[in-house]
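# Close look at the chain arrangement
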Amino acid sequence: MIYNLGPVTIGDRAAISHRAHLCAGTHDYRDPTLPLLRLPIEIGSQAWVCADAFIGPGCRVGEGAVVGAAAVVVSDVAPWQIVAGNPARVIRTRVLRSPLEPPLNDEWH
């Protein structure tokens, strides 16, 4: 779901998995009238937003970053970092393997 009240930019070769929610709108809770804020979201090239993840208004997911399944992103994710949890926190750095290396088996490394 892309709730694009504000601009949403998705880079080349980025992947947005099923049931991910990109929410580019919120309200100014400090104002009693709760005016609408339309804040941008940017998903960098080669980034992956996994299933059921939430990307909040005004957040940037850097190039090559991975947002884990069901993670809640409320601040920027640095390039090539893997984040998970609620709120999302860095769990490791993403390092691409050589095409000559075998793929991972079913466990995380």
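We now turn to the structure provided with this report. Just so we're clear, the structure is a prediction, and the values are computed from it rather than from any experiment.

This next bit is on a nonpolar patch on the surface. A cluster of nonpolar side chains, Ile-2, Ile-10 and Ile-16, forms an exposed patch at the surface whose accessible area comes to about 220 Å². For Ile-16, a relative accessible area of 33% puts it in the partly exposed group.

Bringing the nonpolar core into the picture now. Side chains that are nonpolar tend, in soluble globular proteins, to be buried together. Core analysis: the biggest nonpolar cluster contains 17 residues, and Ile-43, Ile-55, Val-61, Val-67 and Val-73 have the highest contact counts within it. With residues near it in sequence (within four places) discarded, Val-61 still touches Glu-42, Ile-43, Gly-44, Ala-47, Ile-55, Val-67 and Val-77.

This brings us to the sheet that holds strand E10 (residues 60–61). Pairing is parallel in the open sheet, where three strands are placed in the order E2-E7-E10. Each having just a single partner strand, strand E2 (8–10) and E10 make up the two edges of the open sheet. With two bridges joining them, strand E7 (residues 41–43) and E10 adopt parallel strand pairing. Residue pairing for E10: Glu-42 is matched across the bridge by Arg-60.

Taken residue by residue, a regular strand's side chains alternate between the two faces of the sheet. Sheet analysis places strand E13 (residues 81–84) next to strand E14 (residues 89–93), joined by four bridges and oriented antiparallel. Across the sheet, Ile-82 pairs through a bridge with Arg-92, a residue of E14. Here E13 folds back onto E14 in antiparallel fashion, the turn holding four residues, of which Gly-85 has a positive phi close to 100 degrees.

Bringing the environment of Ile-82 into the picture now. Along the polypeptide, Ile-82 turns up in strand E13. When the C-alpha positions of Ile-82 and Gln-46 are compared, they lie 12 Å apart, and in sequence the two are 36 residues distant. Aside from chain neighbours lying at most four places away, what touches Ile-82 is Val-66, Arg-89, Val-90, Ile-91, Arg-92, Thr-93 and Arg-94.

Reading the values: the criteria
Residues numbered from 1 in each chain as written. Predicted model: local features only at pLDDT ≥ 70, side-chain atom pairs only at ≥ 80, totals over all residues. Heavy atoms only, no water. Patch = residues over 30% accessible without salt bridge, like charges linked within 9 Å, V, L, I, M, F, W, Y side chains within 5 Å. Areas by Shrake-Rupley, 256 points an atom, 1.4 Å probe, with all protein chains shown as cover. Salt bridge = Lys/Arg side-chain N within 4 Å of Asp/Glu carboxyl O. Buried < 20%, exposed > 50% of the residue type's maximum accessible area, 1.4 Å probe, protein only. Core = buried A, V, L, I, M, F, W, Y, C linked by side-chain atoms within 4.5 Å. Contact = heavy atoms within 4.5 Å. Pairing = 2+ DSSP bridges. Helix = DSSP H or I, 4+ residues; strand = E, 2+ residues; numbered from the N terminus.

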